[in-house]
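The residues making up each chain are set out below.
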Amino acid sequence: MKTMPSQQQIQRIALGIEYDGAAFHGWQSQPHGQTVQDVLEQAIGQVAAQPIRVHCAGRTDAGVHALNQVVHFDCAPASVRPQQAWIRGVNAHLPSSVCVRWAQPVAADFHARFDARARHYCYLLHNHPVRPALMHGRLGWHHHPLDAARMQAAAQALLGEHDFSAFRAAECQAKSAVKIMQQATVRRHGELIIFEFRADAFLQHMVRNMVGALVAVGNGREAVDSIARLLASGDRRRAAPTFSAAGLYLVGVDYAPHWNIPLPARIMPALFEI
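Residues numbered from 1 in each chain as written. Predicted model: local features only at pLDDT ≥ 70, side-chain atom pairs only at ≥ 80, totals over all residues. Heavy atoms only, no water.

Student: Can you walk me through the state of the cysteines in this structure?
Tutor: Disulfides are covalent bonds that connect the sulfur atoms of two cysteines. For the structure shown, the criterion picks out zero disulfides. The thiol of Cys75 is not disulfide-bonded; the next cysteine sulfur, from Cys56, is found 19 Å away. Cys122 carries a free sulfur, and the closest cysteine sulfur to it, the one in Cys99, is 18 Å from it. Cys122 gets classed as buried once you look at its relative accessible area, which sits at 3%. (Disulfide = S-S within 2.5 Å. Buried < 20%, exposed > 50% of the residue type's maximum accessible area, 1.4 Å probe, protein only.)

In structure tokens:
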């Protein structure tokens, strides 16, 4: 009778993943196979020579990008490979829009999702009368002038522990809408508006809904204190429509130092360095 390898024999590996989400139907595996999780599991399985299931720090929606998505998977002793095999070998089996940036063994009790202390998201919005062409799919767009100072002032209401029900998707399956927002900043760089958020966790569509509400403040349709009133109401129906996924990036994930998870070597790709 064949015996399964013990937990002590199984090797757990963590990976840092970068991807352009425009070509995918989100992170989470689906029957049609056109998700980031699907192509990643297939590529790792080719190198490991066994079926692989990966667990990520945070599931991203269709069209959302990532600079340092953190995942982990387990492999049997016979499938253990050198560290570079989990990078170069897996990348050889991935489409050009996805790559493994780093790989390393981790403790058997490490979990990419449950051990994450915070997630960082950035939204890049092109604020110009004409839509972008070269960066289509990688930037959001708003054609009316936006006041970044008004949006920055309004965003301060998001800081701290709140019930974010007013900013969650109707189909969101999170058990609690209470999250702790550690950073909420809005700044302008030329024609680009940069929104940066860091929280212990995010609800489905939460960042895109916050951006939509802040844009309504920036173009003068809503008052600066409207964000605070939305939070207090808990009513998604009172908020602005969900903003496009195109400009949203999962920038990185924070873990306790003892896990030795690498920090992202860069905040944004060179194309967006500001």
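There's more to say after this.
Student: I'm lost on the UniProt feature "active site" (unreviewed entry) in the protein chain in this one. Help?
Tutor: Here, the residues flagged by UniProt with the feature "active site" (unreviewed entry) are Asp61. In this fold, Asp61 is placed in the loop between strand E2 (55-56) and strand E3 (65-75). Residues within four places of Asp61 in sequence aside, it is in contact with Gly26, Gln204, His205 and Arg208. (UniProt positions renumbered as here; feature names shortened; annotations may be inferred. Helix = DSSP H or I, 4+ residues; strand = E, 2+ residues; numbered from the N terminus. Contact = heavy atoms within 4.5 Å.)

Student: Honestly, helix H5 (residues 226-233) in this entry has me stumped. Any pointers?
Tutor: Every α-helical turn comprises 3.6 residues, leaving residues that sit three or four positions apart pointing alike. Buried within H5 we find Ser226, Ile227, Leu230 and Leu231. Summarising the axial view, the buried residues of H5 lie within an arc of 140°, below the 170-degree limit, and thus occupy one face. The inward-facing, buried residues of H5 contact helix H3 (148-155), strand E7 (160-163) and helix H4 (206-218). Looking one or two residues past H5, Gly234 carries a phi angle of roughly 65°, positive in sign. (Arc of directions from axis to C-beta.)

Student: What is the right way to look at the UniProt feature "domain: Pseudouridine synthase I TruA alpha/beta" (unreviewed entry) in the protein chain in this model?
Tutor: UniProt annotation of "domain: Pseudouridine synthase I TruA alpha/beta" (unreviewed entry) refers to residues 18-115 and 154-255 when read in the numbering used here. Here residues 154-255 runs as 23% helix and 30% strand, with 29 Å between its end C-alpha atoms.

Student: Looking at this structure, how should I read the layout of surface pockets?
Tutor: Rolled over the atoms, a probe as big as a water molecule pinpoints where empty space is left. For the largest pocket, the calculated volume is near 1,200 Å³. Lining the largest pocket are 39 residues, with Gly58, Arg59, Thr60, Arg113 and Phe202 sitting closest to its centre. Broken down by secondary-structure element, the contributors of at least two residues to the lining of the largest pocket are E2, strand E5 (118-127) and H4. Of the residues assigned to the lining of the largest pocket, the class counts are 17 nonpolar, 13 polar and nine charged. Here the lining of the largest pocket gathers at least three residues from each of two domains, domain 1 (11-114) and domain 2 (117-253). (1 Å grid on protein atoms, 1.4 Å probe; cavity = no way out; pocket = protein on both sides within 12 Å on 5 of 7 lines; lining within 4 Å. Points joined across faces, edges and corners; volume = space filled by probe spheres on them. Nonpolar A, V, L, I, M, F, W, Y, C, P; charged D, E, K, R; others polar. Domains from an automatic or database assignment.)

Student: How do you make sense of the packing of helix H1 (residues 36-48) against helix H2 (residues 83-92) when you look at a structure like this?
Tutor: Packed helices, taken two at a time, are described by the angle between their axes plus the distance between the axes. Between H1 and H2, the shortest axis-to-axis distance is 9 Å and the interhelical angle comes to 120°. When the interaxial angle is binned, H1 and H2 end up oblique. The handedness of the crossing between H1 and H2 comes out as right-handed. Between H1 and H2, the residues in contact are Leu40, Ala43, Ile44, Val47 and Ala48 and Ala85, Trp86, Gly89 and Val90, respectively. Within the contact of H1 with H2, the residues separate by chemical class into eight nonpolar, one polar and no charged. (Axes fitted to C-alpha atoms, helices over the stretch in contact; angles between N-to-C directions. Parallel < 35°, antiparallel > 145°, perpendicular 65-115°, else oblique. Left-handed = near helix turned anticlockwise from the far one by under 90°.)

Student: Please explain the domain arrangement of the protein chain as it appears in this structure.
Tutor: When the parts of a complex come together, some accessible area is lost, and that lost area is often used as the size of the interface. If you check the domain split of the protein chain, you get domain 1 (11-114) and domain 2 (117-253). On a C-alpha basis, the centres of domain 1 and domain 2 stand 28 Å from each other. Listed per partner, the contact involves 16 residues of domain 1 and 15 residues of domain 2. Both sides together, the interface formed by domain 1 and domain 2 hides about 1,200 Å², and carbon and sulfur atoms give 53% of it. Summed over the shared surface of domain 1 and domain 2, the result is two salt bridges. Measuring nitrogen to oxygen at the nearest pair gives 3.7 Å for the salt bridge that ties Asp61 to Arg208. Run the count over domain 1 and domain 2 and you get nine residue pairs in polar contact (both at pLDDT 80 or more). (Buried area = accessible area lost by both parts, 1.4 Å probe. Salt bridge = Lys/Arg side-chain N within 4 Å of Asp/Glu carboxyl O. Polar contact = N/O pair within 3.5 Å; in protein donor to acceptor, adjacent residues only side chain to side chain.)

Student: Before we go on, may I ask you to explain the nonpolar core in this structure?
Tutor: The nonpolar side chains of a soluble globular protein tend to be buried, and buried together. Counting 69 residues, the largest nonpolar core has Trp86, Leu158, Phe167, Phe195 and Phe197 as the members making the most contacts within it. Summarising the domain contributions, this core has at least three residues from each of domain 1 (11-114) and domain 2 (117-253). Not counting residues within four places of it along the chain, the set of residues in contact with Trp86 comprises Ile13, Leu15, Ile44, Val47, Ala48, Phe73, Cys75, Ser79, Val80, Arg81, Val100 and Ala103. Counting 13 residues, the second-largest nonpolar core is a separate cluster that includes Trp102, Ala112, Tyr255 and Ala256. (Core = buried A, V, L, I, M, F, W, Y, C linked by side-chain atoms within 4.5 Å.)

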